[in-house]
Amino acid sequence: MDAIRCAVTGCLGNVGYNLVFFLASGGVFGPHQKISLNLLEIPDLAPQLEGLKMELEDCAFPALHEIRVGSDPFDLFGDIDCAFLVGARPRGPGMERKELLQANGVIFQRQGQALDRSAKKRVRVLVVGNPCNTNCLIALHNAKTISPDQFAALTRLDEFRARAVLAKKTGADVSDVSPVVIWGNHSSTLVPDIQHTMIGKKAALSCVDEAWILSTMLPSVRKRGAEIIKLRGKSSSASAAFAAVSAMAVMTGQLEENSLVSMPVFSKGNPYGIDPNLVFSFPCRTHGDRLTIDPSMRPSDALWKEVLVSEKELIEERDAVRHLLV
Ligand code: NAX
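Summary of the structure given here. In this convention, every chain numbers its residues from 1, walking through the sequence in written order. pLDDT decides what is reported in this predicted model: residues at 70 or higher carry local features, side-chain atom pairs at 80 or more are listed and counted, and totals for whole chains, interfaces and linings draw on all residues regardless. The basis for every side-chain value is the complete set of non-hydrogen atoms in the structure, without hydrogens or water.

With respect to the nonpolar core
Definition of nonpolar core: a set of buried residues of the types Ala, Val, Leu, Ile, Met, Phe, Trp, Tyr and Cys, connected through side-chain atoms within 4.5 Å. Only protein chains enter the accessibility calculation, which uses a 1.4 Å probe; a residue whose area is less than 20% of its type maximum is buried, one above 50% is exposed, and one in between is partly exposed. The biggest cluster of nonpolar side chains holds 61 residues, and the ones touching the most others in it are Leu39, Leu56, Phe84 and Leu126. The leading source of residues in this core is helix H8 (residues 238–251), at ten residues. An automatic or database domain assignment supplies the residue ranges for each domain. Both domains that meet at this core, namely domain 1 (4–153) and domain 2 (156–317), each give it at least three residues. With residues near it in sequence (within four places) discarded, Leu126 still touches Ala83, Phe84, Leu85, Ala152, Ala153, Leu154, Ala244, Ala247, Met248 and Met251. Core analysis: the next-biggest nonpolar cluster, separate from the first, contains 31 residues, Ile80, Leu101, Phe266 and Val321 among them. In this description a helix means any DSSP run of H or I spanning at least four residues, a strand means any run of E spanning at least two, and both kinds are numbered starting from the N terminus. We call two residues contacting when some pair of their heavy atoms lies within 4.5 Å.

Notes on the site of the ligand
Residues in contact with the ligand amount to 24 residues; listed here are only the nearest, Asn14, Val15, Glu41, Val128 and Asn130. A distance of 2.8 Å separates an oxygen atom of the ligand from a polar side-chain atom of Asn130. Counting of polar contacts relies on pairs of N or O atoms within 3.5 Å, with two restrictions inside protein: one atom must be capable of donating a hydrogen and the other of accepting it, and residues adjacent in sequence are counted only when both atoms are side-chain atoms. For the ligand, a nitrogen atom lies 3.4 Å from a polar atom in the side chain of His186. Protein chains shield 81% of the accessible area of the ligand, which is 870 Å² for the free molecule. Elements that contribute at least two residues to the shell around the ligand include exactly helix H1 (14–24) and helix H4 (97–118). For this purpose, a residue is taken to be near a molecule or strand whenever a single non-hydrogen atom of the residue falls within 4 Å of it. Reported accessibility uses the Shrake-Rupley method at a 1.4 Å probe radius. Residues are deemed covered only where the shown protein chains occlude them.

Points about unusual backbone geometry
Cis rather than trans, the peptide bond between Asn130 and Pro131 has omega equal to -5°. Its location among the elements puts Pro131 in the loop between strand E5 (124–127) and helix H5 (132–141). At Asp79, a position not held by glycine, the phi torsion is positive, near 60°. Following the sequence through the fold, Asp79 ends up in the loop between helix H3 (73–76) and strand E4 (82–85). A positive phi angle, close to 70°, is found at Asn258, a residue other than glycine. With respect to the helices, strands and loops of the structure, Asn258 is situated in the loop between H8 and strand E11 (260–266). You can call Asn258 partly exposed: its relative accessible area is 42%.

Some remarks on the side chain of Ser246
Following the sequence through the fold, Ser246 ends up in helix H8. Apart from residues no more than four positions distant in its own chain, Ser246 is found in contact with Arg156 and Phe160.

Description of the packing of H4 against helix H9 (residues 301–320)
Every axis corresponds to a line fitted to the C-alpha atoms, with the helix fit spanning only the stretch in contact, and the corresponding angles, defined between N-to-C directions, vary from 0 to 180 degrees. Taken N-terminus to C-terminus, the directions of H4 and H9 make an angle of 60°; their axes are 10 Å apart at the nearest point. What the angle tells us is that H4 and H9 run oblique. Here H4 runs over H9; the crossing is right-handed. Contacts between H4 and H9 involve Arg97, Lys98, Leu101 and Gln102 on the former and, on the latter, Glu313, Glu317 and Ala320. Small angles under 35 degrees read as roughly parallel and large ones over 145 as roughly antiparallel, with 65 to 115 read as roughly perpendicular and the rest as oblique. Throughout, a crossing is termed right-handed when the near helix is turned clockwise from the far one, and left-handed when it is turned anticlockwise from it by less than a right angle.

Topic: the pairing of strand E2 (residues 35–40)
When you tally the buried positions in E2, you get six out of six residues, the bulk of the element. The sheet contact formed by strand E1 (residues 4–9) and E2 spans six bridges and is parallel. By the bridge assignment, Ile4 is partnered in E2 with Ile35. With strands facing away from the observer, any crossover in which the path from the first strand over the helix to the second runs clockwise is taken as right-handed. Note on the crossover from E1 through H1 to E2: the handedness is right-handed. In this sheet, strand E3 (residues 64–70) lies alongside E2 in parallel orientation, the contact comprising six bridges. Two strands qualify as a pair provided that DSSP identifies no fewer than 2 bridges between them.

A few points about H1
Owing to its 3.6 residues per turn, the α-helix brings residues three or four apart onto one side. Those residues of H1 lying buried are Val15, Gly16, Leu19, Val20, Phe21, Leu23 and Ala24. Taken together, the buried residues of H1 touch E1, E2, helix H2 (46–58), E3, E4 and H8. A positive backbone phi angle near 100° is found at Gly26, which sits one or two residues after H1.

A word on the packing of aromatic side chains
Ring pairs are drawn from Phe, Tyr and Trp, using the six-membered ring of Trp, whenever the two centres fall within 6.5 Å, and their geometry is named by plane angle: stacked under 30 degrees, edge-to-face over 60, tilted for the rest. Counted by the stated rule, this structure contains nine aromatic pairs. A centroid spacing of 5.0 Å and a plane angle of 85° characterise the contact between Trp183 and Tyr272, whose relative ring orientation is edge-to-face. One end of the pair, Trp183, is in strand E7 (residues 181–183); the other, Tyr272, is in the loop between E11 and strand E12 (279–287), and 89 residues separate them in sequence. On the basis of relative accessible area, Trp183 is assigned to the buried category, the value being 0%. Their ring planes at 15° and their centres at 6.1 Å tell us that Tyr272 and Phe282 sit as a pair that is stacked. Taken as a pair, Tyr272 in the loop between E11 and E12 and Phe282 in strand E12 lie far apart in primary sequence, ten residues in all. Here a set of aromatic residues connected by ring pairs shows up, and it is made of Trp183, Tyr272, Phe280, Phe282 and Trp304.

This is the structure we're talking about:
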């Protein structure tokens, strides 16, 4: 069995540092599938990257076949089967949201071009670095010879958070809470939707009322990341890495056929009338390593209004980086 080659950008950051160990220990493909890691960081961190490589070697992971390190995506994306695009510029003091979009947009434009030139044509690409939906849109536009269906951004963490909030509220075990749909942008406008969620054998909507969903659940899922920063002094890292591993498992066909997952995917041809040139989180179904948007899950009118607010935000983000879309 050939090794699966995976690239991770930003692997010395909070999320990336956790992610590489999850990956090397078999988190996506299992402990018996050999995996090669291509690790990317900014050039200034070359010595630290060598240190990370040594740490990974010291774990003697049976699945870890080879490690390459560097900072050039055109080189490090060579022949990869999957990519986790985690590295991004954080928002600096006094930095406008628009400036952050531009600074990160350029990174994801270049990485899209590098994927196009260097990666395998069947590569699966997960964008974690924020603003992840719009960064993903930029990357897929710049990778013209790779199908946009092979790109996704990350709202799996928001889905897991929503399930945890619901389990806590109802006193259920989280494993009894079936998927919660996440609509829209990975931002403070995201919309968790429990219309089709089951808690054991009961519909979630028979356990909590819509007023609680709008007044408590929605803000608590949206603000969970900010709350963690306040308490921990750092943003979510291991939970985000775990969610990224889980999302890549979805994208590479490791889930049961027809599983329901929420993934921000290219919106072209979507059955909900959402603008067709966005990366938007929809309820999706798994078919091997392909995802299709489930057309039968339109939420209540009250929630749909919220979904449209998230769409508006994504349109504004896209319009601010239009020059980076080709
Ligand atoms: P950190 O600032 O700790 O790490 C980012 C790393 O990326 C740094 O080590 C930096 O040197 C590197 N980097 C920057 N530009 C790069 C480039 N062009 N090539 C390679 N590496 C580069 O951030 P961290 O907390 O790890 O978060 C990473 C990104 O994930 C952020 O944009 C963050 O907002 C986003 N998140 C997204 C989540 C999601 O659910 N979609 C949740 C977790 C996380 O907050």
